[in-house]
Each structure stands twice: as structure tokens, then as C-alpha cells.
Amino acid sequence: MRKKKAVKVILFIFLVLFIIYVILIYFLVSACLVPSFMDRLSAFEDITRKCYAEQVQTTEIQENQSRLLMDTAKWLETAKRQKISVQTSDGYTLIAAEFGAKEESDKWVLLLHGYTGWKEEMYQFAYWYHEQGFHVLVPDLRCQGESEGDFIGMGWTDHFDCALWVDYILACTPDAQIVLHGQSMGAAAALIMSGSETSADHIAAVVSDSAYTDAYSMFGDKITEWFGLPAFPFVDSACLMLRLRGGYDLRDASALEAVKRSKVPTLFIHGDEDKMIAVEMSQELYDAASCEKQLFIVEGAGHGQTQDKDPDAYYGVIADFLGNVL
């Protein structure tokens, strides 16, 4: 009788611990991938604060950034743009801003922002491409900015969503030369698209700025850094939870596997002082890529600062690269 009670107590304890663990995993997934939940926890502000603290703070970078933002703001005063939308297969409305080229052109660029970002962050890039004669399309990725969604896609659901924007571009310009230019998570999405059988045929070039190799590794690094938890077993549990709740697995979001299949000319850019995504990740991506490729390491730049460190060199490298492949 006592043994039966002891077994019941042990089973009850295990059940309680299991429920607590499931709640913890639910919390982790929501705190990292659901912006509305992050806002309630003030997680967005905490992550932004940590990311800012890890950036390189030099007078040169700050002055260049201010100048680029001022030039972009001046351009936006007269630039003609329209808001457009597409509907995903799972029922969400995605929003983008479109800047038509100043003259007739078959060149388009799709600009993809990073984790917890929004389209307006990419307007400074839109300004440069527009001046080069491109049509520019700048979406809010799923679950961010004005776009609807359940979970941040970490590049995986985004590469399906961005195929809808490619379809939109092709409907406007059937012979479009489409450039994908992404930063951070947006760069990972662009790389995953470049290795996709359905999307890659319509992509002329990729500019990958500060991409990570795969979401699984990034998630493991960040739950340790942000929450002080070990990657194992929490990442694998989070993958299962995300598959049940969001319909995708972090293991699917692998830019590294995609570039091994890619035939799309790709420019890899990364700052050598990036504390958010190690520069070694872009080196690994470059080494693995089977396409025509180029690697540009920006000395003295942190995460998202490659264009701010030396704008002339940054855009000069992009112009030369695109001039050779388009």
C-alpha cells in the first residue's frame, strides 16, 4: 500500500514538473518569437538595449548614420510610394511599401529587414537602390511592423512569404531582374530563397548582410545569453513547441544548407565586430556556397552597422558586384 502511494506521489511530482517545463518552453517560444508577447514582457526593449550596447560606438559611425538617415528623410519627402498587400496561404495579410523606378527599368530589389524589425529600417537602402534606377519593394516580414502573423519566421516562413512578393514583381515586370538584399534574419531569408527550387529561378542576385547560418544555432545562443538557460534540452523542446504552435521547425531555417544548393550570385557582407551574429557565420556561409560569390568583411563594424562604418565602400562593393552579375 505504501509503495503504491509512493509511486503515485512520484508520478504526480513528475507530472507537475512536466507541466512546469511545458509552460517554460511555451514562455520561451513566445518571449522570442511573438512580438505582442514580447511587448507585454518588455522583452523587445530589453533585447534592443542589449543589441545597442553591443554595437560599436564611434564618432565616425554615428556621424555616418546620422547623415544617411537625414539623406533618406529628405528623399522620402518627394519619393512616390504606395502601400501594397498580399495574402498568405494561411490567411495573413502582409504589407509592403513600393517605390517605383524613376524611369522604365526591369531591375527590382526586395529589401528584407532583421529580427523584430520593420520596413522603415530598410528605407536608407531603398534610397540608394532607387537612385541606381531600381524599382524597390520593402515588406514588413510576417508578424512584424504592419504585417500580420503568429510567429516571427526566422527566415523559414519568410522565404515562403517573400515568394508572394516575387510573384507580385513578376506580374508587374515579367522579365524582372530581382535582387534580394537582406540584413540579419532578412539576409537568412534571402539565402534560403536562393536555394529554393520554386523561387531561385527568378532571383538574379543576393546581397546577404550579417546573416546567420541557421536559426537552430541562433536560438540556442540567444536563450543562453538572454535567459541564462542551456541550449540543451531547451532548443529541441522549443522546436517541438514551435512545430505544434507555428507549423515550422527551427531546424528548417538553415541558410547554410540553402547556399550549398544555390546557383544565385551572392555577396556576403559582415562586420568583424558583430557581437549579435559572429562574423564566422558569414565566412562559413561563403565557404559552403556553390554559387558565384564574394565576401566583404567590414572592419570595425558591429551588427547592422556595415553600411554606417564606410557608406562609400559598402555601396561601392554592392554596385561593383551587381554590375558584374546583372
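Parameters and conventions
Residues numbered from 1 in each chain as written. Predicted model: local features only at pLDDT ≥ 70, side-chain atom pairs only at ≥ 80, totals over all residues. Heavy atoms only, no water. Helix = DSSP H or I, 4+ residues; strand = E, 2+ residues; numbered from the N terminus. Rg over C-alpha atoms; globule rule 2.2 N^0.38 Å. Buried < 20%, exposed > 50% of the residue type's maximum accessible area, 1.4 Å probe, protein only. Contact = heavy atoms within 4.5 Å. Areas by Shrake-Rupley, 256 points an atom, 1.4 Å probe, with all protein chains shown as cover. Axes fitted to C-alpha atoms, helices over the stretch in contact; angles between N-to-C directions. Parallel < 35°, antiparallel > 145°, perpendicular 65-115°, else oblique. Left-handed = near helix turned anticlockwise from the far one by under 90°. 1 Å grid on protein atoms, 1.4 Å probe; cavity = no way out; pocket = protein on both sides within 12 Å on 5 of 7 lines; lining within 4 Å. Points joined across faces, edges and corners; volume = space filled by probe spheres on them. Nonpolar A, V, L, I, M, F, W, Y, C, P; charged D, E, K, R; others polar. Pairing = 2+ DSSP bridges. Right-handed = clockwise from strand over helix to strand, strands pointing away. Phe/Tyr/Trp six-rings, centres within 6.5 Å; stacked < 30°, edge-to-face > 60°. Core = buried A, V, L, I, M, F, W, Y, C linked by side-chain atoms within 4.5 Å.

1. Regarding the overall build of the chain
1) Next: Within the chain, the secondary structure is distributed over 13 helices and eight strands.
2) Next: Here the chain has a C-alpha radius of gyration of 21 Å; the compact-globule value for 326 residues is 20 Å, and the two agree.
3) Next: Projected onto the principal axes, the alpha-carbon positions of the chain cover approximately 85 × 45 × 40 Å.
4) Next: Residues counted as buried form 53% of the 326 residues belonging to the chain.
5) Next: Looking at the chain alone, contacts between residues at least 24 apart form 75% of all its contacts between residues at least 6 apart.
6) Next: Total accessible area on the chain stands at roughly 15200 Å², and carbon and sulfur atoms take up 56% of it.

2. Thoughts on the packing of helix H5 (residues 123-131) against helix H13 (residues 311-325)
1) Next: Contact geometry of H5 with H13 gives a least axis separation of 12 Å together with a crossing angle of 50°. It follows that H5 is oblique to H13 by the angle criterion. Crossing handedness for the pair H5 and H13: right-handed. Of H13, the residues touching H5 (which contributes Gln-124, Phe-125, Trp-128 and Tyr-129) are Tyr-314, Tyr-315, Ile-318, Ala-319 and Leu-322.

3. What to know about the layout of surface pockets
Any space left empty among the atoms is revealed by the rolling of a water-sized probe across them.
1) Next: What the largest pocket holds in volume is close to 1100 Å³.
2) Next: As for the largest pocket, its lining consists of 48 residues, of which Gln-55, Glu-121, Gln-183, His-303 and Gly-304 are closest to the centre.
3) Next: Those elements that place two or more of their residues in the lining of the largest pocket are helix H1 (2-33), helix H3 (43-54), helix H4 (59-78), H5, helix H8 (215-227) and helix H12 (306-309).
4) Next: It is H4 that contributes the most residues to the lining of the largest pocket, seven residues altogether.
5) Next: Here the lining of the largest pocket is built from residues that sort into 24 nonpolar, 17 polar and seven charged.

4. Description of the sheet that holds strand S2 (residues 93-99)
Strands pair in a sheet through their backbones, by hydrogen bonds, and they do so in one of two ways: parallel or antiparallel.
1) Next: One open sheet holds the eight strands; their spatial order is S1-S2-S4-S3-S5-S6-S7-S8, and the pairing between them is mixed. Two strands close off the open sheet at either side, each with one partner strand: strand S1 (81-87) and strand S8 (293-298). Here the average twist between neighbouring strands, direction ignored, is 20°.
2) Next: Sheet topology note: the strand S3 (residues 107-112)/strand S5 (residues 177-183) ladder contains six bridges and is parallel. Looking at the pairing, Trp-108 lines up with Ile-178 of S5.

5. Focus on the environment of Thr-266
1) Next: Its location among the elements puts Thr-266 in strand S7 (residues 266-271).
2) Next: Looking at Thr-266, the relative accessible area reads 1%, which means it is buried.
3) Next: Considering only alpha carbons, one finds Thr-266 and Thr-78, 188 residues apart in sequence, at a separation of 32 Å.
4) Next: Once residues within four sequence positions are removed from consideration, Thr-266 is found in contact with Leu-191, Val-206, Ser-208, Cys-291, Glu-292, Lys-293, Gln-294 and Phe-321.

6. With respect to the pairing of S7
1) Next: Here S7 lies mainly inside the structure; six of its six residues are buried.
2) Next: A two-sided burial pattern is seen for S7, the buried positions comprising Thr-266, Phe-268 and His-270 on one face and Leu-267, Ile-269 and Gly-271 on the other.
3) Next: Relative to S7, strand S6 (residues 203-209) runs parallel, the two being bridged by four bridges. Its bridge partner being in S7, Asp-209 is matched across the sheet by Ile-269.
4) Next: One ladder, built from six bridges, connects S7 with S8; its direction is parallel. Counted as the bridge partner of Phe-268 is Leu-295 from S8.
5) Next: For the crossover that starts at S7, traverses helix H11 (residues 279-288) and ends in the parallel S8, the hand is right-handed.

7. Considering the packing of aromatic side chains
1) Next: All told, the structure shown has 13 aromatic pairs when counted by the stated rule.
2) Next: Summarising the aromatic geometry, the rings of Phe-125 and Tyr-314 are spaced 6.3 Å apart at their centres and angled 55° between planes, so their arrangement reads as tilted. A residue pair is termed long-range when its members are at least 10 positions apart, and Phe-125 in helix H5 and Tyr-314 in helix H13 qualify at 189 residues.
3) Next: By relative accessible area, Phe-125 is classed as buried at 1%.
4) Next: Classification of Tyr-314 by relative accessible area gives buried; the value is 0%.
5) Next: Centre to centre, the rings of Tyr-129 and Phe-134 are 5.2 Å apart; their planes meet at 85°, and the pair counts as edge-to-face.
6) Next: Of the aromatic side chains, those joined through ring pairs into one cluster are Phe-125, Trp-128, Tyr-129, Phe-134, Tyr-314 and Tyr-315.

8. Details of the nonpolar core
1) Next: The biggest cluster of nonpolar side chains holds 69 residues, and the ones touching the most others in it are Leu-33, Tyr-115, Met-154, Trp-165 and Tyr-212.
2) Next: Tallying contributions element by element places helix H7 (residues 185-194) first for this core, with eight residues.
3) Next: Among the nonpolar cores identified, the runner-up in size contains 30 residues, and Trp-75, Val-136, Val-138 and Tyr-314 belong to it.

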